[in-house]
Amino acid sequence: MFDTSGGVAQRKSAADCLSELNVLIDALAGLDAGPGLGLGVGVGDGDLVVELTAVSRRLESLRAAAADRFHHSGDYTADGSRTAHAWIAGKVNEGWGACRGVVSTGGLQRQYAQMGSAFAAGEITREHLLELDRAHHSYPHLRELLIAEEHTITDYARVCTAKQFSAFLRILTHRLAPAAAERDSEDRRGQCNLHSSPILNA
């Protein structure tokens, strides 16, 4: 199987790494599509899917981190682009929304360090990061508590879907500080009513 835990030999540049990565991907794609795929005895397509899921998440994390650095560097302005995601969208066949999501994901994995590390290790998805960020914004009075519990939160994220993780965070916030969680919920309901009143009155 793929060993993603060991050290990697020092490379001259990111370009060298990408070149070697593409060679490895070509080699993997070229293996006979039969039982085992040359990965070892008893290793079949299902195992390959599981391993590639983790690898694809790691690559997604690398891409997001690079996009975040690019965003903060301001280098995208050199050819007239106003934003990093606009520059990226101009180079790849993905829309602005998708590219904006890549940039924002890089910021989230930097902001939530333990969850970001889990994403970089291929253990969680981008959606898990988004759910944690929503919880921080939905319960502003609990942000310090959520930060303090990030180790526990990350451990749970590793073993559940993003939807289950969302439910877990909702339960956790009300267990950590029921009064503060309810106050934040009431604030959100108040904002909802504030925005809906002009529409209803019209």
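Refer to the structure above for everything that follows.
The structure presented is a predicted model; accordingly, all values stated were derived computationally and were not measured.

1. Focus: helix α6 (residues 126–138)
For α6, built from 13 residues, the straight-helix expectation of 18 Å at 1.5 Å per residue is met to within 8% by its first-to-last C-alpha distance of 18 Å. Taken as a whole, α6 has its buried residues at His128, Leu129, Leu130, Glu131, Leu132, Asp133, Ala135 and His136. The opening residue of α6, the one whose side-chain oxygen lies 3.2 Å from the backbone nitrogen of Glu127, is Thr125.

2. Comments concerning the side chain of Thr154
Along the chain, Thr154 falls in helix α8 (residues 150–157). Note on Thr154: relative accessible area 2%, which makes it buried. Those residues in contact with Thr154 that lie beyond four places of it in its chain are Gln114, Met115 and Ala118.

3. Quick notes on the packing of helix α5 (residues 113–120) against α8
Contact geometry for α5 and α8: axes closest at 9 Å, N-to-C directions at 25°. In terms of orientation, α5 and α8 fall into the roughly parallel class. At the point where α5 passes α8, the crossing takes the right-handed sense. Along the contact surface, α5 presents Ala113, Gln114, Met115 and Ala118, while α8 presents Glu150, His151, Thr154 and Ala157. By residue class, the composition of the contact of α5 with α8 is four nonpolar, three polar and one charged.

How each quantity is defined
- Residues numbered from 1 in each chain as written.
- Predicted model: local features only at pLDDT ≥ 70, side-chain atom pairs only at ≥ 80, totals over all residues.
- Heavy atoms only, no water.
- Helix = DSSP H or I, 4+ residues; strand = E, 2+ residues; numbered from the N terminus.
- Expected span 1.5 Å × (residues − 1).
- Buried < 20%, exposed > 50% of the residue type's maximum accessible area, 1.4 Å probe, protein only.
- Polar contact = N/O pair within 3.5 Å; in protein donor to acceptor, adjacent residues only side chain to side chain.
- Contact = heavy atoms within 4.5 Å.
- Axes fitted to C-alpha atoms, helices over the stretch in contact; angles between N-to-C directions.
- Parallel < 35°, antiparallel > 145°, perpendicular 65-115°, else oblique.
- Left-handed = near helix turned anticlockwise from the far one by under 90°.
- Nonpolar A, V, L, I, M, F, W, Y, C, P; charged D, E, K, R; others polar.

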